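One-letter residues, chain by chain:
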Amino acid sequence: MSEDVRLVAWVRGRVQGVGFRWFTRARALELGGMSGFALNLGDGRVQVVAEGPRERCEGLLDWLRGDDTPGRVDGVTEIWDTPRGGYEGFAIR
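Along each chain, residues carry numbers from 1 onward, in the same order as the chain's sequence is written. A pLDDT threshold of at least 70 governs which residues receive local features in this predicted model, and a stricter bar of 80 or more applies before side-chain atom pairs are shown or counted, although totals over entire chains, interfaces and linings include all residues. The side-chain quantities take in all heavy atoms of the structure and omit both hydrogens and water.

**Re the UniProt feature "domain: Acylphosphatase-like" (unreviewed entry) in the chain**
And step 1. UniProt positions are given in the numbering used here, feature names are shortened, and annotations may be inferred rather than shown by experiment. Following the UniProt record, the feature "domain: Acylphosphatase-like" (unreviewed entry) maps to residues 6–93 here.
And step 2. Taken end to end, residues 6–93 comprises 27% helix and 41% strand; its first and last C-alpha atoms sit 18 Å apart. Numbering of helices and strands runs from the N terminus, with a helix taken as a DSSP run of H or I at least four residues long and a strand as a DSSP run of E at least two residues long.

Right, here's the structure in full:
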């Protein structure tokens, strides 16, 4: 049984205006078992918050760092924490 975790990731690069949040949500739903959101930040980054089983959140993080994302990812910074709850599904904000 996998522990539930909270992943907060900040994605840098050309990640706004290219469908990045939509594809992030689609990938999270494809992996399943996660709730959270993807949000454009004023400085050009996208913040991704995902809560769920550790292996699913790690899969989403691997995708964020991979070559299959829209736009161009220059880097991802992440922190891990305990889940806080309060999310219904995976949203685009």
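**A closer look at the sheet that holds strand 2 (residues 35–40)**
Each strand in a sheet pairs with another by means of backbone hydrogen bonds, the pair being arranged parallel or else antiparallel.
And step 1. The sheet built from five strands is open, its strands ordered 4-1-3-2-5 with mixed pairing. Edge positions in the sheet fall to strand 4 (72–81) and strand 5 (90–92), since each of these pairs with one other strand and no more. This sheet shows a mean twist of 15 degrees between the axes of neighbouring strands, independent of strand direction.
And step 2. Here strand 2 runs beside strand 3 (residues 46–53); their pairing, made up of six bridges, is antiparallel. From the neighbouring strand, S35 faces strand 3, where its bridge partner is E51.
And step 3. Note on definitions: a residue-residue contact is assigned when non-hydrogen atoms from the two residues lie within 4.5 Å. Under this scheme, a helix contributes an axis fitted over its contacting stretch, all axes are lines through C-alpha atoms, and angles between N-to-C directions fall in the 0 to 180 degree range. Sheet strands touched by helix 1 (residues 20–31): strand 1 (4–14), strand 2, strand 3, strand 4 and strand 5. Its angle to strand 5, the strand with the most contacts, is close to 175 degrees. Strands are labelled as partners when DSSP assigns at least two bridges between them.

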